[in-house]
Amino acid sequence: MKKSVKEDLMFLVVKIMIFFALLGITFGIIFGICRISGNAMDPACKNGDLILYYRLQKAYQAKDLVVIEKDGQRQIRRIIAKEGDRVDITESGLEINGYLQQENNIYTDTLPYREGIHFPVTVGQGEYFVLGDNRTNAKDSRIYGTVKQEEIKGGVMALLRRSGMQ
């Protein structure tokens, strides 16, 4: 029994619809893509880079890169402390639980902002303290305080570098 062209076309259309439905589910529920704007995460992430993140991740550790949503904008930040940790930023630098942190990939001093929160801060339950890697001009937890678990959209899985972007 030979299939007609019409049946073949209908089968192709159904396959294409299933493909796009699976693609929509994959990037609407499981994964996300975010474009970096600004230089708050220099040198790890540059302006114009694309980030692929995993939306279903719920447990994060210090040094994880995450996508957060603050003030209606998506931002990439690094988790510095999690619930129960005591964060202090002084003229000496960043202290977590009383220990001065030696951060190898951070090339600027970590100092508090005048208009930001007051230190020391103890991170509450279900919250994280996040900082940008470019500590001199990143809008981060030094300004808006700790980030709630619900504000974290996912953990960064991959960085897609867009060459030539500034």
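Residues numbered from 1 in each chain as written. Predicted model: local features only at pLDDT ≥ 70, side-chain atom pairs only at ≥ 80, totals over all residues. Heavy atoms only, no water.

> Mind showing me how you'd approach the sheet that holds strand S10 (residues 147–148) here?
The pairing of strands in a sheet comes from backbone hydrogen bonds and takes either a parallel or an antiparallel form. The 7 strands lie next to each other as S1-S2-S11-S3-S4-S9-S10, forming an open sheet whose pairing is antiparallel. Either end of the sheet is taken by a strand with one partner, and the two such strands are strand S1 (31–35) and S10. Bridge count between strand S3 (residues 65–70) and strand S4 (residues 73–82): 6 bridges; the pairing is antiparallel. Considered in S4, the bridge of Ile68 is made with Gln75. The sheet strands contacting helix H1 (residues 5–30) are S1 and strand S2 (50–54), and the helix crosses S1 at an angle near 70 degrees. (Pairing = 2+ DSSP bridges. Helix = DSSP H or I, 4+ residues; strand = E, 2+ residues; numbered from the N terminus. Contact = heavy atoms within 4.5 Å. Axes fitted to C-alpha atoms, helices over the stretch in contact; angles between N-to-C directions.)

> Explanation requested: the pairing of strand S5 (residues 86–90) in the structure shown.
Taken residue by residue, a regular strand's side chains alternate between the two faces of the sheet. Here 2 bridges tie S5 to strand S8 (residues 121–122), and the two strands are oriented antiparallel to one another. Looking at the pairing, Arg86 lines up with Thr122 of S8. Bridge count between S5 and strand S6 (residues 93–96): 4 bridges; the pairing is antiparallel. Residue pairing in the sheet places Val87 in a bridge with Ile96 of S6. Hairpin connection, S5 to S6: the antiparallel pair is bridged by 2 residues.

> For this particular structure, what's the right way to read the sheet that holds S8?
Strand order across the open sheet formed by 4 strands is S7-S6-S5-S8, with antiparallel pairing between neighbours. Two strands in the sheet have a free side with no partner beyond their single neighbour: strand S7 (99–100) and S8.

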